[in-house]
Amino acid sequence: MDISGKVAVVSGGGSGIGRAVVLAMIDRGARVVVADIDEDGGRQTVAMAAEKGSAAVLTRCDVTRTADLEAAFACAVNQFGRLDIAFNNAGIGGEDLFADDSGDWKRVIEIDLTAVIDATRIAVREMKRAGRGGVIVNTASLIGLGPMAAAPVYAAAKAGVVNFSRSLAFLAKEANIRVNTICPELVDTRMALGFGEERLKELRQTGGILKPEDIAADVMELIEDDSRAGAVMKVTVRGGREYVFA
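Residues numbered from 1 in each chain as written. Predicted model: local features only at pLDDT ≥ 70, side-chain atom pairs only at ≥ 80, totals over all residues. Heavy atoms only, no water.

Focus on empty space enclosed by the protein
The gaps of empty space that remain are located by a probe, the size of a water molecule, rolled over the atoms. Counted only if it meets this: Buriedness of a pocket was judged along seven lines, with at least five required to meet protein on both sides within 12 Å; pockets are open sets of points on a 1 Å grid over the protein atoms alone, cavities are sets where a 1.4 Å probe fits but cannot get out, and lining residues have an atom within 4 Å of a point. Grid points are joined across faces, edges and corners, and a volume is the space filled by probe spheres set on the points. Helix and strand assignments follow DSSP, with helices taken as H or I runs no shorter than four residues and strands as E runs no shorter than two, numbered in order from the N terminus.
Summed over all chains, the structure comprises three cavities of 30 Å³ or more. In this model, the largest cavity occupies a volume close to 40 Å³. Contributing to the lining of the largest cavity are Ser-11, Val-63, Leu-69, Asn-88, Ala-90, Ile-111, Ala-115, Val-116 and Ala-119. No other element matches helix α4 (residues 104–130), which puts four residues into the lining of the largest cavity.

This is the structure we're talking about:
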């Protein structure tokens with residue numbers, strides 16, 4: 001797929017992996033809707049896209065609200081005339097599963113899994129309506145491929161993203177819509193701040209943490225490589241090693 005002139009919606013595009021993907025898309029001539037609850041970060045991403053001389057617009061989006069997701073995808077159609085790509089990336093980490101009065105774990109499921117399902121549903125509906133096909137990439141995690149005692153609900157949510165996305169392989173044949181998944185290891189984003197600055201410094205110096213741009217390259221490969229039918233999952237770990245499962 002040559003994405004020049006194509007239109008994408010990127011959730012969580014105001015920072016981290018989402019921002020890196022927006023800028024990678026802009027470099028390839030795509031037009032992008034940056035959907036993020038962080039409006040300041042979203043405006044910064046849009047400004048960075050403008051510096052590259054290309055089009056991006058911001059829409060405030062709380063991915064837990066179906067109306068906001070609907071509005072984000074409608075913005076793509078209303079502003080740019082079409083929808084070709086969805087990168088469902090917004091997510092959070094952290095939970096306090098056994099706290100007496102904590103709802104954190106429910107929010108992890110709500111944002112990291114339910115919102116991804118909702119956004120995929122809306123994107124597929126629009127792509128089917130237009131009849132041009134398209135590609136969707138959902139952000140999971142290496143943690144979604146196995147247990148994690150420190151964050152069991154996060155692991156469950158990301159495992160749900162993996163299996164949900166791979167279960168939609170039939171859409172490639174039915175509607176020319178590919179639903180793919182990325183499963184990165186630790187990435188240098190806001191979610192990594194919990195490790196502490198000293199630990200992060202060490203990880204950066206030793207190559208023990210991936211950069212958002214590393215994951216953006218994976219996302220672009222999945223979007224642009226339409227030779228694989230169905231659902232593809234790409235796992236990226238430290239040291240640049242990659243594993244692809246079709």
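Side note on the layout of surface pockets
Formally: Gly is put with the polar residues, along with every residue not named as nonpolar or charged; the nonpolar set is Ala, Val, Leu, Ile, Met, Phe, Trp, Tyr, Cys and Pro, and the charged set is Asp, Glu, Lys and Arg.
Empty space within the largest pocket amounts to approximately 1100 Å³. Around the largest pocket sit 46 residues that line it, and Gly-91, Ile-92, Gly-93, Thr-189 and Met-191 are the ones nearest its centre. For the lining of the largest pocket, the elements supplying multiple residues, two or more each, are α1 (16–27), β2 (31–36), α4, α5 (152–166) and α7 (197–206). Here the residues of the lining of the largest pocket sort into 22 nonpolar, 13 polar and eleven charged.

Points about the pattern of salt bridges
Counted only if it meets this: When a carboxyl oxygen of Asp or Glu lies within 4 Å of a side-chain nitrogen of Lys or Arg, that pair is called a salt bridge.
Tallied over the full model, the rule gives 13 salt bridges. Between Lys-52 and Asp-27 there is a salt bridge whose closest N-O contact spans 2.9 Å. With a gap of 25 residues between them, Lys-52 in the loop between α2 (39–51) and β3 (56–60) and Asp-27 in helix α1 connect regions that are remote in the sequence. The closest approach of N and O atoms between Glu-126 and Arg-129, which form a salt bridge, is 2.7 Å.

Digging into the pairing of β3
Counted only if it meets this: By definition, two strands form a pair when at least two bridges between them are found by DSSP. Place the viewer so that the strands point away; then a crossover is right-handed whenever the path from the first strand over the helix to the second strand goes clockwise.
Sheet topology note: the β2/β3 ladder contains five bridges and is parallel. Bridge pairing links Val-34 to Leu-58 in β3. Considered for its hand, the β-α-β crossover made up of β2, α2 and β3 is right-handed.

Examining the environment of Ile-17
Selection criterion: Relative accessibility thresholds used throughout: buried, under 20% of the residue-type maximum; exposed, over 50%; partly exposed, between the two (1.4 Å probe, protein chains only). Should any heavy atoms of two residues lie within 4.5 Å, those residues are considered in contact.
The residue Ile-17 is located in helix α1 in this model. For Ile-17, a relative accessible area of 10% translates into the label buried. Not counting chain neighbours up to four residues away, the residues in contact with Ile-17 comprise Phe-87, Asn-89, Val-187, Thr-189, Pro-212 and Ile-215.

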